[in-house]
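Each chain, letter by letter, is given below.
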Amino acid sequence: MHELYDVIILGGGPAGLTAGLYAGRGGLRALIVEKGQDGGQIALSSDVENYPGQSAPGETGVVLAERMAEQAARFGAHRCADEIQAVELSGGTKALIGLNSTYRARTVIIAAGAHPRPIGCENEAQFTGRGISFCATCDGPFFRGLDVYVVGGGDSAAEEALYLTRFARKVTIIHRRDQLRAAQSIQDRVFAQPKISVLWDSVVQSVNGGDALETITVKNVKSGALTVIQADESAGMLGLFAFTGYLPNSGLFQGLLEMENGYIKTDENMRTNIPGVYAAGDIRVKDVRQAVTAAADGAIAAIQAERYLGQTDKEPSAGVSRPQARKKM
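Basis of the calculations
Residues numbered from 1 in each chain as written. Predicted model: local features only at pLDDT ≥ 70, side-chain atom pairs only at ≥ 80, totals over all residues. Heavy atoms only, no water. Pairing = 2+ DSSP bridges. Helix = DSSP H or I, 4+ residues; strand = E, 2+ residues; numbered from the N terminus. Contact = heavy atoms within 4.5 Å. Axes fitted to C-alpha atoms, helices over the stretch in contact; angles between N-to-C directions. Expected span 1.5 Å × (residues − 1). Buried < 20%, exposed > 50% of the residue type's maximum accessible area, 1.4 Å probe, protein only. Salt bridge = Lys/Arg side-chain N within 4 Å of Asp/Glu carboxyl O. Phe/Tyr/Trp six-rings, centres within 6.5 Å; stacked < 30°, edge-to-face > 60°. Lys NZ or Arg CZ within 6 Å of the ring centre and 35° of its normal. pLDDT = per-residue confidence, 0-100. Left-handed = near helix turned anticlockwise from the far one by under 90°.

**A word on the sheet that holds strand β11 (residues 196–199)**
- The strand order β8-β15-β9-β10-β11 describes an open sheet built from 5 strands, whose pairing is parallel. In this open sheet, the two strands that pair with only one neighbour each are β8 (132–133) and β11.
- The pairing of strand β9 (residues 147–151) with strand β15 (residues 239–242) spans 4 bridges and is classified as parallel. Each bridged residue has a counterpart across the sheet, and for V148 the counterpart in β15 is G239.
- Along the sheet, helix α5 (residues 155–164) makes contact with β9, β10 (170–174), β11 and β15, crossing β9 at roughly 170°.

**As for helix α1 (residues 14–25)**
- Taking 1.5 Å of rise per residue, 12 residues should cover 16 Å, and α1 covers 16 Å from first to last C-alpha, within 8% of that figure.
- Burial within α1 is extensive, with 10 of its 12 residues counted as buried.
- All of the buried residues in α1 are P14, A15, G16, L17, T18, A19, G20, L21, A23 and G24.
- In this structure, the buried side of α1 is in contact with β1 (4–10), β2 (30–34), α2 (61–74), β6 (102–110) and α7 (291–314).
- Once α1 finishes, G27 follows within two positions and takes phi at roughly 85°, a positive value.

**Thoughts on the pattern of salt bridges**
- Tallying each qualifying case throughout the model produces 8 salt bridges.
- Note that R169 is salt-bridged to D147, the shortest N-O span being 2.9 Å. Of this pair, R169 sits in the loop between α5 and β10 while D147 sits in strand β9, and the two are 22 residues apart along the sequence.
- Residue classification places D147 among the buried residues on the basis of a relative accessible area of 11%.
- Its salt-bridge partner being K222, residue D201 comes within 3.6 Å of it at the nearest N-O pair.

**A closer look at the packing of aromatic side chains**
- Evaluated as defined, the whole model comprises 2 aromatic pairs.
- Both rings, one in F143 and one in F241, keep their centres 5.1 Å apart while their planes meet at 70°; by these two values the pair is edge-to-face. Residue F143 is located in the loop between α4 (136–139) and β9, and its partner F241 is located in strand β15; the two are separated by 98 residues in the primary sequence. The residues F143 and F241 share a single accessibility class, namely buried.
- Relative to F167, the ring of Y163 lies with its centre 5.4 Å away and its plane at 70°, an arrangement referred to as edge-to-face.
- Using a relative accessible area of 10% as the deciding quantity, one classes Y163 as buried.
- If you follow R289 out to its NZ or CZ, it ends over the ring of Y263, 4.0 Å from the centre.

**Re the confidence of the model for the protein**
- On average, the protein scores 90 in pLDDT, and the residues at 70 or more come to 91%.
- Here residues 316–329 is a poorly scored stretch, pLDDT under 50, and it has 25 contacts once near neighbours within four places are set aside; other chains count.

**Section: the packing of α1 against α7**
- Where α1 meets α7, the closest approach of the two axes is 7 Å, and the angle between their N-to-C directions is 35°. In this structure, α1 meets α7 at a crossing whose hand is right-handed. Where α1 approaches α7, its residues P14, A15, T18, A19, Y22 and A23 are matched on the opposing element by A291, A294, A295, G298, A299, A302 and I303.

As structure tokens, this is what we get:
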């Protein structure tokens, strides 16, 4: 018989790990289910400088996530690696059906986060992993001495462009507007870096090459003019990194939970439209998506789950019977 947890937390990013910490500290039997690396999007960050209480300047997202995971484990939160394929969320017992097992709990906290938004250019899929990347921390060293291009204009794009200067010969930011959206302090560092230039009012229209990325066709959004960027003959390839935002990992919950543009709706206490089901972090509707706000969401969700369990324990017959909800990918 499968163990019945008090709370299952789907996702091991800052929201999920903080939820696990608070749930474990609150005496709940908590399980964190994560299919990949701990940290979520923060694990892709080469330099986290705005998280309160960092132990050292220039700390990577991976290191911060490792400390979060260790702290959650220290308070008793269990962890398993699995990819959830279906969910049953209504009723007193919720179920998450994974590739390896089925996990059951009285409450669920959805902290599944988001994934990078594709560039949207022609042949993108063909060259992803062969010149196109969405993680400078992961792949930057592979582009040592090459010309590298970064798509985007926000904090992530600017910060990762700065990181890529450690390896690339030259870094060019491709941005569809005539000014960056990154924080001014980050912009100041970008414009002071001699290796970085900016291609304004431009979008990537297509990419091409043989075994690796060799050409990038860029379109000026104002004039419509096309520019073909060719890899240096001695290098033989280009690097193209995309940092244009994220899309929520919410497909599993379509038709079950109330959403807005794919993001799960919650109240200020992280409660969804299904009792005992909470959402936290980048997957929910919110204005600010940062590691620190995700962690706050996770703490709130765990506290609310603990309160919910306390109420249902006191009033076991007070729950309203609802049809069983089930969603498969």
